[in-house]
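Chain residues, written in single-letter form:
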Amino acid sequence: MLFRSLGVTFNRSWLLLLLLALAGCGGGGGGGNDDDDDGSNPEPTPTTFTLSGAIEAADGSAVDGDVNDPIAEYTANDDISQAQLIPNPVTLGGYVNRPGAGPSGASQAAGDIQDWYRISLVAGQTITLFIAGDGSVNDLDLGLFDAQGNLLNASASQGQTESLTVDQSGEYLLVVEVFSGASNYVLTVGQTSLSSAVGMRLSDSFVPGEVVARFNPEIAPTGLGLAARATAVGLAAKNGAEDRNMLLSLEGVQRAATYQALALMSSATDSVLQTTDPKLQLKLDTLRVVKAMNRRDDVLAAAPNYLRQPYLVPNDELYPAQWHYPLLNLPQAWDLNTGSGTVVAVIDTGVLLSHPDLQGQLVAGFDFISDPTNANDGDGIDSDPDDPGDNSTPGGSGSFHGTHVAGTVAAATDNTLGVAGVAFNGRIMPLRVLGQLGGTDYDIEQALRFAAGLSNDSGTLPAQRADVANMSLGAPGFSETFQTAVNEVRATGLVLVAAAGNDASAVPSYPASYSGVISVSAVGLDKAFAPYSNFGAFVDVAAPGGNTAQDINGDGQPDGVLSTLASGSGSNITPGYGLLQGTSMAAPHMAGVVALMRSANPDLTPQDIDNLLSSGTITEDLGASGRDDYFGQGLINAYQAVVAAINAGNGTPVEPQPILTVSPVSLNFGVSMTRLSLTVTNGGGGTLTVAVPSEDSGGWLTITPEVDGSGLGSYAATVDRSGLADGVYTATITFDSNAGSTRVSVIMQVSNTLSAGDVGQLYVVILDTGTGETLTSTTATRQEDGRYTYQVSDIPAGTYEIFAGTDSNNDGYICDAGEACGAYLTLDEPADLVVGGDRTDLDFTSGFADNLPALGASSADQPESGFARGIDQTKGLAR
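A quick note: this is a predicted structure, and the numbers were derived from the prediction, not measured.

Asker: Summarise the overall build of the protein chain; cite the residues concerned and give the values.
Answerer: Tallying secondary structure elements over the protein chain gives twelve helices and 48 strands in all. A separation of at least 24 residues holds for 73% of the contacts in the protein chain among residues at least 6 apart in sequence. Of the accessible surface of the protein chain, which amounts to about 31700 Å², a share of 50% is contributed by carbon and sulfur atoms.

Set out below in C-alpha cells:
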C-alpha cells in the first residue's frame, strides 16, 4: 500500500506542467435527431460530462485593482486621488512593476510603480507586506500616510517582508511601492503579525545619515583607505577600518552624488515615500542607501546605525499567532510539565535537520525509504533522515511536511526565534518514510520498529526508544500484516498517534483506523469540525488542524496551524515558517500532549492513555454529548491530560484548578458577517462560575447566552450596523469568573461601498491525474453575492483534480506566490475526483497565502511556485 501525507500534499504531476496542452471546449455528446426520434432507438450513453460549481473567496480577501493580467477587471489606484478602498481586516493580493520589468501585460510597458489603498485602522494593528519576488532584484516597500497624504512611517528593507504598526485609530492611506523589478505581493492588516522580520522602518531608532558597512575584500581589495571606500559609494567616512565594520555618513555629501553612485536616481525620483521633515527625510535616505549598498557585490553587509535600549523581548516572535495552543490550554499545562525526558518519533517526509528552530531538539533518526527512486536523495535506506524535498508542490519545491509536524511537536521554545512546540523540552526522532511517491507499509513498519527499539532493516536500535510515534499520513485499505506490526510495537509501550484523513469522508484511513492507534480528527479556531476532516467510528479525539478558508480572529491571516517549514529542494533549501491545515497538523498536537503526559508519569502505558481518553476526563466534549464520530471523545485538553497523568502516578497529586477558557479570544465580523459564536468552558477542574459578560460597544454589539447555571456554554455575538457611519469599530467582551477574567477583542466594519471577499480574476484548471496534464481550463465568473461560478463541458470519464487561481503578474501561470489559489476539496489535500457523470456541486475556496519570512538564506534561492494555466493571453480558453 502507498501512503501520502495528510497535510499539504500536491499532486506530483504538477512537475510536468511546464507547458500545458489545451483541449477545446465544445458542445456535449452527440445524439439522434430529436424530430425523427420515434422512441425505438435509445439515447446513446454519454461519453463526456459537465462539471460545475461555485468558488468562495476566502474571508477578508481583496485584490489590487490594476494587476498585470489584461483580462482582469481594471481600476487604477496609482495615486492618492485613485486610492482603492479596502476592508479591515484584509488579505489582499496585488502586483507592481517598474516600467519594462516583469512579464508582458497591462502594466509591463508603462509600469505600475505604486498601489494606493484607503483604509480605516485601529491602534495597535499591524500592516504586513509579503513580497513574492526575491526581495533583492524584485524589491517592494511599504508606506503609511495619514488621510491627507502626509508620510507617517515606512518600511524599506531588502527582503521579502515589510511591516508597520499603527499608533492611533483613524483613516489612513497605505502605499505599496516597487523599488526595483516587478513582483506579486500579499498585503495583510490584522490584530497580530506573523512576521518575525519586520524590515527597516522609518520609525526605528537609528542615527539619521549613518551607515555601518563591511566591504568584501575579495571584490574590493584592501589598501584603498577609508575615504576611498566611502567615496566609491557616495558617502563620507567617519570611523572604522577596512578589515572590520566602517561607519559611513551622508552628512556633508551631495545627495545626487550618493544616488548616482548607488544607482538610486530613478527609484528615489519616482518614490512617493518623501517627507518635508528634514530629519525624517534623512532617515528615509539612510534606508535607501542601506538597501542599495546591500545590492552591491563589493559590500558584505550594510545596516543603519541602530540605537539600542535595554528592554525585554518576547521569546518566540510568532507564538502570539499560534492560536492552536491556548485552544488546548497548553500554557496552563506547561506550568506542570514541558516534556522533559521524552522522545517523539515523527514518521514522515523526514525533517530539515538544519532548521534553526529545531536545533537541540533532535535525536538520531533514520531514513527508511527503501526505493531510491522514491527517496529522491540518491540512495535507499540510510542513517540520514534529512528532508531533501519531495518535489510535491508547484514549481518542484518540497512540501517539508515532516518539518511542519516536527515543529508542532517540539520546536525550540524560549529561544527568541519563530514558534513554540507542544512538548518543547522533549526531543524529536526524525524517521523518513515518505518520498516523491508517498510511503509503503513496509517502510513505515520498519520506522515503527526502530522507534520501539525492535529489530528492523536498519540493523540498528535507537539509544532511547520513543515514547510516542506520530504518523501524519494515510490511505484507505486495511492490512492484517500491518495490524500485527501495530500490535507488536504497542506491546513495547510505544503510543501510536495518526491523522484521521483529509477526504471529508467516513471511509477509514489507515494507519489511523487500526486498533491500538489514536485517530485524530481536526477542528478550526472556533472549535468547529474542519470541513476536510474524515469522520467515523474510528475517530478517537480531536485537535487543532486549522481552516485556511477563515480568518475568525481578524489577524489578517488564514486560520491555519503555524509551525516550522521550508522551501526549495536539494541543495537549494531555505528554512522558514508556514500556515498549513489538515489532520496532519492535528495529530502532532495530540502526540505532543501524550509526550507531556508520559513525562509527567513515565509509567503510563498505551492502555492507560486509552482509558483516560475513553473516560472523557482529558477532553472537552464537542458535538453530540459523549463520544461521537466527528470529535471522538472531544478536543484534547492538555492541562487536564497532564493533571490526570500526574494523579495516576505515585507522586504528589495535583488538585485541578478551574480555568476560564473562552474560544475564540477575538472575533472578526468583517464587512458583512452579523453573528459569531463563543464558547466558555472550564479548562481545568473544580468549580467555575462565570458572570454575565459585559461589552463596551455602545450598543452595536449584543451578547446572548445559551449557557447553564454556572455561565458555561455558548454565547452568540451579533452586530447591528444600522445607523452606524462607515468605519472600523472595535469592542471588548469581558468574561469575569471566580478563576479570573478573559477579554475578547471584537472588530467590525461598516461600509456601503465594500462587498464580500474578492480575489480578482479566477481561472479554473482541470488536471488529469493520470497524465499529469491540463485537460482544459476556463474563467470563473464573479456573481453579485461575491461567489465565483464556473462550468466546463466535454470532460471524459476519468480522475481529475480541480484548481482555481489568479495570474496577477500575467506570466501564464496561476497560483504563483502572491496569487490566489484554491483546489477542490482543499488546496492542502486536492481531492481525486472520479468523473462518471455530470457534477454541479464542486464548490471550494480560493484565497491568498502569505510567504512567511525565510531564515538563513537569500530568498533569491527559492524557486518560483505555480503551474501553467494556459498559453499566452488565452488563459486556456477555447476560441
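Asker: Could you give an account of the pairing of strand 37 (residues 740-750), with specific residues and numbers?
Answerer: With three bridges connecting them, strand 31 (residues 666-668) and strand 37 associate as parallel partners. Paired with L667 across the strands is V746, a residue of strand 37. In this structure, strand 36 (residues 727-737) lies alongside strand 37, joined through eleven bridges in antiparallel fashion. Note that in strand 37 the partner of A731 across the bridge is V746.

Asker: Break down the pairing of strand 13 (residues 206-215) for me, citing the residues and quoting the values.
Answerer: Within strand 13, seven of the ten residues are buried, which leaves the element mostly enclosed by the surrounding structure. Bridge count for strand 13 against strand 15 (residues 246-249) is four bridges, and the pairing is antiparallel. Within strand 15, the residue paired with A213 across the bridge is M246.

Asker: So what about the packing of helix 10 (residues 583-600) against helix 11 (residues 606-615)? Which residues, and what values?
Answerer: At a minimum axis distance of 12 Å, the contact between helix 10 and helix 11 shows a crossing angle of 115°. For the element pair helix 10 / helix 11, the angle class is roughly perpendicular. The hand of the helix 10/helix 11 crossing is right-handed. Within the contact between the two elements, helix 10 uses M590, V594, M597 and R598 and helix 11 uses I609, L612 and L613. Across the contact of helix 10 with helix 11, the residue classes break down as six nonpolar, no polar and one charged.

Asker: Please give an account of the side chain of E210 that cites residues and values.
Answerer: Along the polypeptide, E210 turns up in strand 13. Its relative accessible area of 11% is what places E210 among the buried residues. Here K238 takes part through its side chain, which lies 2.7 Å from a polar atom of the side chain of E210. Other than its neighbours up to four places away in sequence, E210 contacts K238, L247, L248, T286, A303, P304 and N305.

Asker: Tell me about the pattern of salt bridges, and please be specific about residues and values.
Answerer: Any two side chains of opposite charge can pair, on the condition that their charged atoms come close. Considering all chains together, one arrives at 18 salt bridges under this definition. Here E620 and K527 are joined by a salt bridge, their closest N and O atoms 2.8 Å apart. Of this pair, E620 sits in strand 28 (residues 619-620) while K527 is found in the loop between strand 24 (517-523) and strand 25 (541-544), placing the two residues 93 residues apart along the sequence. By the burial criterion, E620 is buried, and K527 matches it. The salt bridge involving R787 is made with D785; its shortest N-O contact spans 2.8 Å. Via salt bridges that share partners, D139, D141 and K291 belong to a single interconnected network.

Thresholds applied
Residues numbered from 1 in each chain as written. Predicted model: local features only at pLDDT ≥ 70, side-chain atom pairs only at ≥ 80, totals over all residues. Heavy atoms only, no water. Helix = DSSP H or I, 4+ residues; strand = E, 2+ residues; numbered from the N terminus. Contact = heavy atoms within 4.5 Å. Areas by Shrake-Rupley, 256 points an atom, 1.4 Å probe, with all protein chains shown as cover. Pairing = 2+ DSSP bridges. Buried < 20%, exposed > 50% of the residue type's maximum accessible area, 1.4 Å probe, protein only. Axes fitted to C-alpha atoms, helices over the stretch in contact; angles between N-to-C directions. Parallel < 35°, antiparallel > 145°, perpendicular 65-115°, else oblique. Left-handed = near helix turned anticlockwise from the far one by under 90°. Nonpolar A, V, L, I, M, F, W, Y, C, P; charged D, E, K, R; others polar. Polar contact = N/O pair within 3.5 Å; in protein donor to acceptor, adjacent residues only side chain to side chain. Salt bridge = Lys/Arg side-chain N within 4 Å of Asp/Glu carboxyl O.

The values reported here are purely geometric and, on their own, carry no functional implication.
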